[in-house]
Amino acid sequence: MNIPDHAKKVFRWHAYSVFQRKQTLLNGDEKLFDQVKRDDTVQVIATKDDQVILSDELQPHVWRRVWLFGWHVEPGEDPFEAAKRELFEESGFESKDWVKINTYSYKFGIDRDVHYYLARNCIQVGEPASEPGEKVELKPISYHEFIDFIYSELFEHIDLFPFVRVMIDRQE
């Protein structure tokens, strides 16, 4: 559910905002409802040569995980610019060959959009800029290993399955 224009922001913490709005119920009563909006995020599938490059990340507050590059879109930032920024910050890679895969909108529970991009033919122009308390290593894998990874319990981006199905169909 989109957050209505008349909703009032009552709290902000990191990437989350809480809004409250009054709604008239079918019986005529008014009730106060809360909604949470999370800053939009970007996720990047990075390729170089015949490999997909993933982020092998360790942070003290979460388990070690392997995933796509990306995180949140800064307030006022264009999602494509955020994808390029996140790719460079987390991997040191840049690309001149980008494809917008899709935007998935989550409107129930926590309202947010996730923008997916494919960065092809990446080139290393810097080093990953890990934040204090995290360790990030680049993990290059083959296309077939990427497909296996997507179907594993470690893959957190289930909304990419339709795109990956198209990739598989083109390979067969």
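The preceding data block contains the structure.
We now turn to the structure provided with this report. (Residues numbered from 1 in each chain as written. Predicted model: local features only at pLDDT ≥ 70, side-chain atom pairs only at ≥ 80, totals over all residues. Heavy atoms only, no water.)

Digging into the side chain of Glu90
- Counting through the fold element by element, Glu90 comes out in helix H1 (residues 79-91).
- Buried charge Glu90 goes without a salt bridge, the closest partner of opposite sign being Arg85 at 7.1 Å.
- Residue contacts for Glu90: discarding those within four places in its chain leaves Phe69, Gly70, Trp71, Pro128, Val136 and Leu138. (Helix = DSSP H or I, 4+ residues; strand = E, 2+ residues; numbered from the N terminus. Buried < 20%, exposed > 50% of the residue type's maximum accessible area, 1.4 Å probe, protein only. Lys, Arg positive; Asp, Glu negative; His and termini not counted. Salt bridge = Lys/Arg side-chain N within 4 Å of Asp/Glu carboxyl O. Contact = heavy atoms within 4.5 Å.)

Thoughts on the pattern of salt bridges
- A complete count under the given rule lists 8 salt bridges for this structure.
- Between Glu81 and Lys84 there is a salt bridge, with its nearest N and O atoms 3.1 Å apart. Taken together, the residues span about one helical turn, with Glu81 and Lys84 both in helix H1 at a distance of 3 residues.
- We classify Glu81 as partly exposed; its relative accessible area is 39%.
- In this structure, the salt-bridge partner of Asp97 is Arg120, at a minimum N-O distance of 3.1 Å. Of this pair, Asp97 sits in strand E8 (residues 97-106) while Arg120 sits in strand E9 (residues 110-120), and the two are 23 residues apart along the sequence.
- Using a relative accessible area of 24% as the deciding quantity, one classes Asp97 as partly exposed.
- Residues joined by salt bridges that share partners form a network here, namely Glu77, Arg85, Glu86 and Glu89.

Remarks on the pairing of strand E5 (residues 51-59)
- Of all 9 residues in E5, 7 are buried, a share of seventy percent or more.
- Note that strand E4 (residues 41-48) and E5 share 3 bridges and pair antiparallel. Residue pairing across strands places Lys48 opposite Gln51, the latter belonging to E5.
- A loop of 2 residues connects E4 with E5, the two strands running antiparallel in sequence, and Asp49 in this loop sits at a positive phi of about 55°.
- Pairing of E5 with strand E11 (residues 135-142), which is carried by 8 bridges, proceeds in the antiparallel orientation. Among the inter-strand pairings, Val52 is bridged to a residue of E11, identified as Ile141. (Pairing = 2+ DSSP bridges.)

Remarks on the packing of aromatic side chains
- Summed over the entire model, instances satisfying the criterion amount to 5 aromatic pairs.
- With a centroid separation of 6.2 Å and an interplanar angle of 50°, the aromatic rings of Trp67 and Trp71 are classed as tilted.
- Grouped by ring-pair contacts, the aromatic residues Phe80, Trp98 and Tyr117 constitute a single cluster.
- Between the NZ or CZ atom of Arg38 and the centre of the ring of Trp71, over which it lies, the distance is 4.8 Å. (Phe/Tyr/Trp six-rings, centres within 6.5 Å; stacked < 30°, edge-to-face > 60°. Lys NZ or Arg CZ within 6 Å of the ring centre and 35° of its normal.)

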